[in-house]
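Remarks on the overall topology
Okay, here's what each chain looks like letter by letter:
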Amino acid sequence: MINLIGALYRRCWHYLLPAQCMWCSLPLAEPKKQLCVYCQQALPELPYQLCHCNLLWLPAVARGLKRAKFDRLLCLAHYQLPYQHWIPHWKYYADLAAGQLLQQQMCHLLIRCKANNMQMPQALTYVPLHWRKQQQRGFNQAQLLAEALGQQLQIPVLALFSKEASHSQRGLNRRQRLHNLRHSFKLKPLPEPLPSHVALVDDVITTGATANALTRLLRRAGVCTVSVWTLTVTPAPGYSA
Ligand SMILES: [Zn+2]
């Protein structure tokens, strides 16, 4: 009964003062939506069907990454508008509505891929932030995204990694920078063996160096298949949409 009254109240409120589309500001027809139908349809996508929901098969994506140590990659889109607007707003300005929108878009993509028989992981984990950075920001966007996906898909989320303060990368060559990055992540002590397929969640993937470093740790802990799920991926050099 209370739920019914709450829903009725929200609907009345929506008709009196309709929420606006988070991109074009048009009034929304549905109270629970954050984008109007036009913006939702116009959102950039990647050809998921052409690569069986594994973007590593697409040269426009794979060429932009360092040699990927993980097995599968799924992202909403290339790093472009409007994601290029919403992601920094969520991360740096704590725009929770932008965060909620991004989480919902990623959930919808995964539900579509699952319906297309994409192999689903038995557990999710996420890229950690150094505790000081997390304290400053107040949240870890990768963790929030993983928790939203885990709840929607009914997959447990495991806090597997910790991040130590990175040493300055200044003056280091590529090999030394990679060594620095690899050693800044640690796998926490595990109470039980990890499942054979784990998905690593992050907000963006640029070169894939962080995902590669964490994949190495997961493999050492016995994980066979590592999927990487991120909101966006940086396009390969020379790529034009
Ligand atoms: Zn709109």
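Described in the following lines is the structure provided in the data block.

Quick notes on the rules
Residues numbered from 1 in each chain as written. Predicted model: local features only at pLDDT ≥ 70, side-chain atom pairs only at ≥ 80, totals over all residues. Heavy atoms only, no water. Helix = DSSP H or I, 4+ residues; strand = E, 2+ residues; numbered from the N terminus. Rg over C-alpha atoms; globule rule 2.2 N^0.38 Å. Buried < 20%, exposed > 50% of the residue type's maximum accessible area, 1.4 Å probe, protein only. Contact = heavy atoms within 4.5 Å. Areas by Shrake-Rupley, 256 points an atom, 1.4 Å probe, with all protein chains shown as cover. Lys, Arg positive; Asp, Glu negative; His and termini not counted. Charge placed at Lys NZ, Arg CZ, Asp CG, Glu CD. Expected span 1.5 Å × (residues − 1). Polar contact = N/O pair within 3.5 Å; in protein donor to acceptor, adjacent residues only side chain to side chain. Core = buried A, V, L, I, M, F, W, Y, C linked by side-chain atoms within 4.5 Å. Domains from an automatic or database assignment.

1. Focus on the overall build of the protein chain
If you tally the helices and strands in the protein chain, you get 9 helices and 6 strands. Its C-alpha atoms give the protein chain a radius of gyration of 19 Å, near enough to 18 Å, the size a compact globule of 241 residues would have. Along the first, second and third principal axes, the C-alpha atoms of the protein chain reach 60 × 45 × 40 Å. Counting only residues that meet the buried cut, the protein chain has 44% of its 241 residues in that class. Of the contacts formed within the protein chain by residues at least 6 apart in sequence, a portion of 71% connects residues at least 24 apart. When the accessible surface of the protein chain is totalled, it reaches about 13900 Å², and 55% of it is carbon and sulfur. Within the protein chain, the 9 negative side-chain charges are centred at a point lying 9 Å from the centre of the 26 positive side-chain charges.

2. Considerations on helix H5 (residues 96-115)
Note that an α-helix has 3.6 residues per turn; residues three or four places apart therefore point the same way. Here H5 contains 20 residues, and its C-alpha end-to-end distance of 28 Å stays within 8% of the 28 Å for a straight helix at 1.5 Å per residue. Where H5 is concerned, the buried positions are Ala-98, Gly-99, Leu-101, Leu-102, Gln-103, Gln-105, Met-106, Cys-107, Leu-109, Leu-110 and Cys-113. Among the structural elements, helix H2 (37-42), strand S1 (72-78), helix H4 (83-93), helix H7 (141-153) and strand S6 (225-233) are those in contact with the buried residues of H5. With a side-chain oxygen lying 3.3 Å from the backbone nitrogen of Ala-97, the N-terminal cap of H5 falls on Asp-95. Two residues or fewer after H5 comes Asn-117, characterised by a positive phi angle close to 65 degrees.

3. Brief notes about the nonpolar core
Of all hydrophobic cores here, the largest spans 68 residues; its most connected members are Leu-55, Phe-70, Leu-73, Leu-74, Leu-149, Ile-205 and Trp-229. Counting residues per element, this core draws most heavily on H5, at 8 residues. Formed jointly, this core draws a minimum of three residues from each of two domains, domain 1 (16-45) and domain 2 (47-233). Not counting chain neighbours up to four residues away, the residues in contact with Leu-74 comprise Tyr-48, Cys-53, Leu-55, Met-106, Leu-109, Leu-110, Cys-113, Met-118, Val-228, Trp-229 and Thr-230.

4. Some thoughts on unusual backbone geometry
In the segment running from Leu-81 into Pro-82, the intervening peptide bond is cis, with an omega of 0 degrees. Within the element layout of this structure, Pro-82 appears in the loop between S1 and H4. Positioned with a positive phi, Ser-25 is a non-glycine residue whose angle comes to about 70 degrees. Locating Ser-25 in the fold gives a position in the loop between helix H1 (2-16) and H2.

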